[in-house]
Amino acid sequence: QVQLVESGGGLVQAGGSLRLSCAASGRTFSSLAMAWFRQAPGKEREFVATINWRDVSTYYADSVKGRFTISRDNAKNTVYLQMNSLKPEDTAVYYCAAGGTYSTFVSRYAWWGQGTQVTVSS
């Protein structure tokens, strides 16, 4: 049993910042990949960023590269997504995911959080 709980979403103006947190429980994630995805209304779930807790490597979607930063605190079993210079097109429900594969694909992740809404006004 693995549980993921996101927090930190909200409403911000364009150009603003938010930091999302994802707290994991049930087992250690020290050797698992973690990722953030997002889904806007009428669109498929989209990869945002991923981090491998074992290798300490990261990868970002082109749309967020240079603006978003994924990080983690293994002692707290928590992964973060720092979002800067937010744009209206960043508006979506953001989901935390965990799995054994470092990947950009939804199907590679076995555990998901409930999602947190991020809304960016123009």
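Criteria and thresholds
Residues numbered from 1 in each chain as written. Predicted model: local features only at pLDDT ≥ 70, side-chain atom pairs only at ≥ 80, totals over all residues. Heavy atoms only, no water. Pairing = 2+ DSSP bridges. Helix = DSSP H or I, 4+ residues; strand = E, 2+ residues; numbered from the N terminus. Axes fitted to C-alpha atoms, helices over the stretch in contact; angles between N-to-C directions. Salt bridge = Lys/Arg side-chain N within 4 Å of Asp/Glu carboxyl O. Buried < 20%, exposed > 50% of the residue type's maximum accessible area, 1.4 Å probe, protein only.

(A) Broad picture of the sheet that holds strand β1 (residues 3-7). Judged by pairing direction, the sheet is antiparallel, and its four strands sit side by side in the order β1-β3-β8-β7 without closing on themselves. With one partner strand each, in any of the chains shown, β1 and β7 (68-73) form the two edges of the open sheet. Sheet twist, expressed as the mean angle between neighbouring strand axes with direction ignored, is 15°.

(B) Representation of the pattern of salt bridges within the structure. Under the definition given, this model contains four salt bridges. Note that Arg38 is salt-bridged to Glu46, the shortest N-O span being 3.0 Å. Note on Arg38: relative accessible area 5%, which makes it buried. Since its relative accessible area comes to 35%, Glu46 is described here as partly exposed. For Arg67, the salt bridge identified is with Asp90, shortest N-O distance 2.8 Å. On the criterion of sequence distance, the pair formed by Arg67 in the loop between β6 (57-60) and β7 and Asp90 in the loop between β8 (78-83) and β9 (92-99) is long-range, its members being 23 residues apart. One salt-bridge network, held together by shared partners, links Arg38, Glu46, Arg67 and Asp90.

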